[in-house]
Amino acid sequence: MRAELDGGAVTADALQGIVWQVWTAYLGGTAPAERPAAEYVAPFDVTGAVAIAGAWHGHVILRCRIDGMAAMAAAMLELPANGPRNEDVRLDDIVDAAGELLNIVAGNVKSLLPQPAVVALPQVVLGEADVLWPGASPACELRTGFDRWPVLLTVMEVDGAGSGWPEPAIRT
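### Some points on the overall build of the chain
Then comes step 1: When you go through the chain residue by residue, the secondary structure sums to three helices and seven strands.
Then comes step 2: For the chain, the α and β elements follow one another from N to C terminus as β-α-β-β-α-α-β-β-β-β.
Then comes step 3: Scored against the burial criterion, the 172 residues of the chain give a buried share of 39%.
Then comes step 4: Approximately 8700 Å² of the chain is accessible, and the part contributed by carbon and sulfur atoms is 54%.

In structure tokens:
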């Protein structure tokens, strides 16, 4: 695994540790492993994002290929992994698995951030999408994988968002 853009509240080592825990606990004991660099250049056709707001504002983003997410869904649902297309896995299973994995990762990322913080519901887009996060810049990126499929995880921080939470009233 290779992590880049280490900075702020979330470090590459912390993100790598979160991914290892989530992959081994929820994906049939399969440890994450980085794939060759060329595999991260081709377009991804699954993009999922979870926003985090509070004392820190940003997003946790997961990108992968649909066949890779189908394999992860099969592992999560304990379905047979039957070939590269995973025919027993429905599109709904893929979307649900992507959202659930991302929600678990984002919840763990939230625990590293300044509090208070809240996690939004995951949003998953299927198909090659040019999804943008205006005003956000990468804080940490992790190139990892599941089995033979590349997975890219990015933590984006919203620039200059402030806390968004009112100061507590102090009564004397």
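### Considering helix α3 (residues 91-110)
Then comes step 1: Counted at 1.5 Å a residue, the expected span for α3 with its 20 residues is 28 Å, and the 28 Å between its end C-alpha atoms agrees.
Then comes step 2: Taken together, the buried positions of α3 are occupied by Asp93, Ile94, Ala97, Ala98, Gly99, Leu101, Leu102, Ile104, Val105, Ala106 and Val109.
Then comes step 3: Buried residues along α3 sit against α1 (12-26), β2 (46-54), β3 (58-64), α2 (66-76), β4 (117-119) and β5 (123-126).

### Digging into the confidence of the model for the chain
Do not read the predicted coordinates in detail wherever pLDDT is low.
Then comes step 1: The predicted model of the chain averages 82 in pLDDT, with 84% of residues at 70 or higher.
Then comes step 2: Taken together, the stretch residues 1-7 has pLDDT below 50 and engages in 25 contacts with residues farther than four places along the chain or on a different chain.
Then comes step 3: Contacts for the low-pLDDT stretch residues 165-172, under 50 throughout, to residues beyond four places or in other chains number five contacts.

### Description of α1
Then comes step 1: Between the first and last C-alpha of α1 there are 21 Å, a value that for 15 residues agrees with the 21 Å anticipated at 1.5 Å per step.
Then comes step 2: For α1, the full list of buried residues reads Ala12, Leu15, Ile18, Val19, Val22 and Trp23. Looking straight down α1, one finds that the buried residues subtend no more than 125° of arc, so they occupy a single side. In this structure, α1 carries Asp13 and Ala25 as exposed residues pointing more than 90 degrees from its buried face.

Rules of the game
Residues numbered from 1 in each chain as written. Predicted model: local features only at pLDDT ≥ 70, side-chain atom pairs only at ≥ 80, totals over all residues. Heavy atoms only, no water. Helix = DSSP H or I, 4+ residues; strand = E, 2+ residues; numbered from the N terminus. Buried < 20%, exposed > 50% of the residue type's maximum accessible area, 1.4 Å probe, protein only. Areas by Shrake-Rupley, 256 points an atom, 1.4 Å probe, with all protein chains shown as cover. Expected span 1.5 Å × (residues − 1). Contact = heavy atoms within 4.5 Å. pLDDT = per-residue confidence, 0-100. Arc of directions from axis to C-beta.

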